Amino acid sequence: MLQDYDVIVVGAGHAGCEAAAAAANMGSRVLLVTMNMQTIAQMSCNPAMGGIAKGQIVREVDALGGYSGIVSDKTAIQFRMLNRSKGPAMWSPRVQSDRWRFAEEWRLMLEQTPNLDFWQDMVSHLLIKENRVVGIVTGMGIEIRAKAVVLTNGTFMNGIIHVGEKQFGGGRMGEKASTGITEQLIDIGFQSGRMKTGTPPRVDGRSLDYSKMEEQPGDEKPEKFSFDTTVEPISTQRSCHITYTSDEVHDILRTGFEQSPMFQGRIQGLGPRYCPSIEDKINRFADKDRHQLFVEPEGWNTVEVYVNGFSTSLPEEVQFKALRKVAGFENVKFFRPGYAIEYDYFPPMQLDLTLQTKLIENLYFAGQINGTTGYEEAACQGIMAGINAHLKINSAGPFILQRSEAYIGVLIDDLVTKGTDEPYRMFTSRAEYRILLRQDNADVRLTPKAHEIGLASDARYKRVQDKIANSRIITKYFKDYSIDPANANPTLERLDSSLITQKVKLFGLLSRPGIAISDLAGSDAEVQTYLSKFDAETIEQAEILMKYEGYIQRESDMAEKLSRLEHIQLDSDFNYHQLSSLSMEAREKLSRIKPRTLGQASRISGVNPSDISVLLVYLGR
């Protein structure tokens, strides 16, 4: 009944949608299989995209030609650039989204993507022949053939939902779990584990008293995620609000600990360290007398509200009683209680850097199946799996991003090389090249690479080339143009910066702390006229490159030195046990992980610099 496909993507969450779009846009015939066509790209947890390090990832996905940034911009109800008070390496965009419009926009974009078909059914197991995946079998017993399969099952594989002492199967509240694939993969030889995530109650915004909370408006001049010029920043925004728990709230929550599935051992999986449940927070941080709660609207035209920071699996009556003691929530009405969900994942050291499994050829894993948490982490794995599945079946080389090239490269390298036994979340601190991996230059870093493999459009590539060229032109102008003291000094005095006694180059003044391009443009009409020829994005890019020129160069040099190890290839079939000079732990780890390069080998836990020296000697380096 169904035709054969090039790529089948199982699961239509953030990873699955990006994987399907990428492979289809590169020319593969793609089938996206989901258990429910009405929940494509569902925001299962908070209705927001981006944040610290996550915003950089969304911009990287967009720069590669993915859809997450465009969808986020089209459905945003608030935009904030986080960490503006810090250096540009820390700036992180975040949007509050309209949950229903987000899912709708994703589906509409997928439906308009050529080469992409849909099928609603559960996938019960994979068709495998001679250690190569050749298709899937659905719950209805339908066999569908494909050259590659991408699994993006999210929290659905053998999912169990916990609310207090109640537990029932499900991949999301009101949706059934998926079964069969885990058991088949274990029989083949894969290792699996269990992880947990949670979500807070959804409440009726009409029952809240916002006058008792702190308002958190969006940015005065909102920006956007996507580098696509056809997408505009939002013009009107909705505010979020902040309130706090108290000792009284904590005391009420503690009364439910005896019924807590987390504390009573009914949940075996580890939850996310950096997004803990409210009961975990008051248990681990007993010295804190309050915790912050973000009160986030779910959309433009709904009264439903997401209580960010109150994730819980305590009995619903305890949740309700405790939340009513929070300022502004005295008369709160619930739409549904918070709950925890436990699900299967596969430790990601069983993958190579393309996200293809080591045991089964042309089978790719992306998203929470790899032990990650977050829409953004899932989306970037999805696009990389979709790209590599398409390239593999077309006998093209792999598409791998280095740690110095993208947060995506950091995330995948961390997963594949170091593994994770708790839900992995991206932070700026995980990246050693933060100054290079800024949100403002994601297009400069990645769009040329995406254009080379046929994913980013010609128009996107041309715009990046113009941005690079114009940034250089602005930089040259600032290094050549000298500003008169009469023009500069009023601004310097206002900014409490040392006055000048003779003409100086604009570049020198811009290098001073606390002085921006806009300050200098306001001081000199000629400068203002010159800069009016360029768009704000290009001017910001040039400003960052000039102000941080020394730091950027130093980090680039460091990345270049370390990248030499990335160019030394290692044979995947190499027998490390024959090298007795390697430590026993190094031999075991290298044999299991089979690193692709010496650089990857150097980042494996338990492989020491002396072991790398042994390999260098053996390789004749």
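Residues numbered from 1 in each chain as written. Predicted model: local features only at pLDDT ≥ 70, side-chain atom pairs only at ≥ 80, totals over all residues. Heavy atoms only, no water.

Further remarks concern the overall build of the protein. For the protein, the helix and strand inventory stands at 21 helices and 22 strands. In summary, the protein has a C-alpha radius of gyration of 26 Å against a globular reference of 25 Å for 621 residues, a match within 12%. The C-alpha extent of the protein, read off along each of the three principal axes, is 80 × 70 × 50 Å. In the protein, buried positions account for 57% of the 621 residues. Pairs at least 24 apart in sequence give 72% of the contacts found in the protein among residues at least 6 apart. Carbon and sulfur atoms form 48% of the exposed surface of the protein, whose accessible area is close to 25700 Å². Averaged over its 71 positive side-chain charges, the protein has a centre that lies 2 Å from the centre of its 79 negative ones. (Helix = DSSP H or I, 4+ residues; strand = E, 2+ residues; numbered from the N terminus. Rg over C-alpha atoms; globule rule 2.2 N^0.38 Å. Buried < 20%, exposed > 50% of the residue type's maximum accessible area, 1.4 Å probe, protein only. Contact = heavy atoms within 4.5 Å. Areas by Shrake-Rupley, 256 points an atom, 1.4 Å probe, with all protein chains shown as cover. Lys, Arg positive; Asp, Glu negative; His and termini not counted. Charge placed at Lys NZ, Arg CZ, Asp CG, Glu CD.)

What we call a disulfide is simply a covalent bond connecting the sulfur atoms of a pair of cysteines. Summed over all chains, the structure comprises zero disulfides. In this structure Cys 17 is not part of a disulfide, and its nearest cysteine sulfur, from Cys 380, lies 15 Å away. Judged by relative accessible area, Cys 17 falls into the buried class, the value being 0%. (Disulfide = S-S within 2.5 Å.)

This part takes up the sheet that holds strand E19 (residues 339-345). Strand order in this open sheet of four strands is E11-E10-E19-E12, and the pairing throughout is antiparallel. Bordering the open sheet on either side are strand E11 (166-169) and strand E12 (193-199), each of which pairs with just one other strand. Direction aside, neighbouring strands of the sheet carry axes that sit 25 degrees apart on average. Note: E12 against E19, seven bridges, orientation antiparallel. Note that in E19 the partner of Lys 196 across the bridge is Glu 342. (Pairing = 2+ DSSP bridges. Axes fitted to C-alpha atoms, helices over the stretch in contact; angles between N-to-C directions.)

With that settled, the discussion passes to the side chain of Gln 319. Within the element layout of this structure, Gln 319 appears in helix H8 (residues 316-323). Beyond its immediate chain neighbours, meaning those up to four positions away, Gln 319 contacts Val 163, Pro 201, Phe 310, Thr 312, Ser 313, Leu 314, Phe 334, Pro 337 and Gly 338.

Looking now at the sheet that holds strand E18 (residues 334-336). Strand order in the open sheet made by the six strands is E14-E15-E16-E17-E13-E18, with antiparallel pairing throughout. Every other strand in the sheet has two partners, leaving strand E14 (214-216) and E18 as the edge strands with one partner each. Strand-to-strand twist across the sheet, computed as the mean angle between neighbouring axes with direction ignored, equals 35 degrees. Here strand E15 (residues 240-244) pairs with strand E16 (residues 292-297) via four bridges, running antiparallel. Paired with Thr 243 across the strands is Leu 293, a residue of E16. On the sheet, H8 packs against strand E13 (202-204), E16, strand E17 (304-308) and E18 and is oriented at approximately 145 degrees with respect to E18.

For side chains bearing opposite charge, pairing can occur when the charged atoms are close. If you walk through the whole model with that rule in mind, you get 41 salt bridges. Between Lys 462 and Asp 466 there is a salt bridge whose closest N-O contact spans 2.8 Å. Highlighted residues: Lys 462 and Asp 466, both in helix H12 (residues 458-480), separated by four residues, approximately one helical turn. Between Glu 585 and Lys 589 there is a salt bridge, with the nearest N and O atoms lying 3.0 Å from each other. With Glu 585 and Lys 589 both in helix H19 (residues 584-593) and four residues apart, this pair spans about one turn of that helix. One continuous salt-bridge network, built from bridges that share partners, spans Arg 403, Asp 413, Asp 414, Lys 418, Glu 432, Glu 566 and Arg 603. (Salt bridge = Lys/Arg side-chain N within 4 Å of Asp/Glu carboxyl O.)

The topology assignment puts Gln 541 in helix H17 (residues 536-547). For Gln 541, a relative accessible area of 4% puts it in the buried group. Along the chain, Gln 541 and Ile 136 lie 405 residues apart, while their C-alpha atoms are 47 Å from each other. Those residues in contact with Gln 541 that lie beyond four places of it in its chain are Arg 438, Asp 440, Asn 441, Val 444, Lys 467 and Ser 471.

Relative to E19, strand E10 (residues 160-163) runs antiparallel, the two being bridged by three bridges. Residue pairing for E19: His 162 is matched across the bridge by Ala 340. Two elements, E10 and E11, share four bridges in a ladder whose sense is antiparallel. By the bridge assignment, His 162 is partnered in E11 with Gln 167. The antiparallel hairpin formed by E10 and E11 contains two residues in its connecting segment, where Gly 164 sits at a positive phi of about 60 degrees.

The next subject is the nonpolar core. In terms of nonpolar packing, the biggest core is built from 107 residues, with Ile 8 and Leu 151 touching the most fellow members. Considering each element in turn, this core owes the most residues, ten residues, to helix H9 (residues 375-393). Discounting chain neighbours no more than four positions away, the residues touching Ile 8 are Leu 31, Val 33, Ile 136, Ile 144, Arg 145, Ala 146, Ala 148, Val 149 and Val 150. Tyr 477, Ile 500, Ile 515 and Ala 521 belong to the second largest nonpolar core, which has 23 residues in total. (Core = buried A, V, L, I, M, F, W, Y, C linked by side-chain atoms within 4.5 Å.)

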